[in-house]
Amino acid sequence: MGERDFLSIADLATGELVDLLDGADKAKARPSSWSSKIKGNQVALIFEKPSTRTRVSFEVAVTSMGGHAIILRSDELQLGRGETVEDTGRVLTRYVDALVVRTFEQERLEKLASASNVPVINALSDRSHPCQALADMQTIREKKGGLEGLSLAYVGDGNNVAHSLLLAGSKLGMHVRVATPAGYAPRSDIVLMSQQNAIDSGGSVTITEVVAEAISGADVLYTDVWASMGQESESQARTEVFERFQLNSDALALADDEVIVMHCLPAHRGEEISRDVMDGSRSVVWDQAENRLHTQKALLAWLLG
Ligand code: CP
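## Side note on the site of the ligand
Then step 1. In the vicinity of the ligand, the residues found are Ser51, Thr52, Arg53, Thr54, Arg102, His129, Gln132, Cys264, Leu265 and Arg292.
Then step 2. Here the ligand loses 94% of its free accessible area of 250 Å² to cover by the protein chains.

Structure representation (structure tokens):
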């Protein structure tokens, strides 16, 4: 078998996913014992879109485990002048041990991965955000003591974050309920894969346009921006369509008393989440953001170990 890539949560067997979460807990508990985990490895971080959390947490993860991170924006690469992703992958493979890539279409990532002989990690594509889902699962497990049987309600746009949550939660025995406006549901192929996962795990998948159906009694409430990167021109139209899909105190009142509130960030207070809920006592968003670092350490150590 060739090198492993991490392009989607669907690439992982359930046991591998659990092992990664266990590794992330260890990396968080004893960071000093991870200081040489990828010693001497060169990791290129290619960002074709902006990033705060993913870029910085990957750079810190690489350097704090003894590797060297090379940050590359596409406008600094010949990629920005039309060199193909395949040629870029073939060349970088000759220099580095892994590629972390934030890009546009999932297919672009897949082309790069197929031309590369080193592990390629999806740092966000239009279809999925698997590194985010790893941190989300670590955070829920840490706050709730487990995952199986918990209800996770995602409210908002059926986007890349929703896709990766569906895939991860359904593999881990969660009841994943997604509420979106009509026309903004998650992709049907992702929903189908998640339903198949749920059959094996004892979880379930609900896709609805009724917010209360998703959030009633939920253990976890989750949202993301209504207009993702590249959809800025749709912002105003989306604000009207998504108005009823805000996580606010009314939504919180329908959830379980011990509910935790999550957001992958960046957040737009007053749009997808109200200020009081974002900054309130049920919010775990800062621990969630921190866990990007620990899960990505576990991922890099697994792929490069
Ligand atoms: N959640 C997330 O991916 O954040 P960034 O866009 O800042 O990397």
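That was the structure; now back to the text.
## As for the sheet that holds strand E9 (residues 260-263)
Then step 1. Strand order in the open sheet made by the five strands is E7-E6-E5-E8-E9, with parallel pairing throughout. In the strand order of this sheet, the two ends are held by strand E7 (204-208) and E9, each with one partner. Strand after strand, the sheet turns through a mean of 15° between neighbouring axes, direction not considered.
Then step 2. Bridging between strand E8 (residues 220-223) and E9 involves four bridges; their strand directions are parallel. Each bridged residue has a counterpart across the sheet, and for leucine 221 the counterpart in E9 is valine 261.

## Re the packing of aromatic side chains
Then step 1. Summed over the entire model, instances satisfying the criterion amount to four aromatic pairs.
Then step 2. Here phenylalanine 242 and phenylalanine 245 contribute two aromatic rings whose centre-to-centre distance is 6.4 Å and whose plane-to-plane angle is 70°, an arrangement assigned as edge-to-face. Pair check on accessibility: phenylalanine 242 and phenylalanine 245 agree, each one buried.
Then step 3. In this structure an aromatic cluster arises from ring pairing among Tyr184, Trp226, Phe242 and Phe245.
Then step 4. Above the ring of tryptophan 34, the side-chain terminus of lysine 37 is found at 4.6 Å from the ring centroid.

## Structural notes on the sheet that holds strand E1 (residues 42-47)
Then step 1. Here we have four strands laid out as an open sheet, ordered E2-E1-E3-E4, and parallel in their pairing. For this open sheet the edge positions go to strand E2 (68-73) and strand E4 (120-122), each flanked by a neighbour on one side alone. Pairs of neighbouring strands in the sheet enclose a mean axial angle of 20°, with direction left out of account.
Then step 2. Taken together, the three bridges between strand E3 (residues 98-102) and E4 define a ladder with parallel strand orientation. By the bridge assignment, valine 101 is partnered in E4 with asparagine 122.

## With respect to the environment of alanine 251
Then step 1. By the secondary structure assignment, alanine 251 is in helix H10 (residues 249-254).
Then step 2. When near neighbours in sequence (up to four residues on either side) are disregarded, alanine 251 contacts Ile215, Leu221 and Gln246.

Conventions used here
Residues numbered from 1 in each chain as written. Predicted model: local features only at pLDDT ≥ 70, side-chain atom pairs only at ≥ 80, totals over all residues. Heavy atoms only, no water. Near = heavy atom within 4 Å. Areas by Shrake-Rupley, 256 points an atom, 1.4 Å probe, with all protein chains shown as cover. Pairing = 2+ DSSP bridges. Helix = DSSP H or I, 4+ residues; strand = E, 2+ residues; numbered from the N terminus. Axes fitted to C-alpha atoms, helices over the stretch in contact; angles between N-to-C directions. Phe/Tyr/Trp six-rings, centres within 6.5 Å; stacked < 30°, edge-to-face > 60°. Buried < 20%, exposed > 50% of the residue type's maximum accessible area, 1.4 Å probe, protein only. Lys NZ or Arg CZ within 6 Å of the ring centre and 35° of its normal. Contact = heavy atoms within 4.5 Å.

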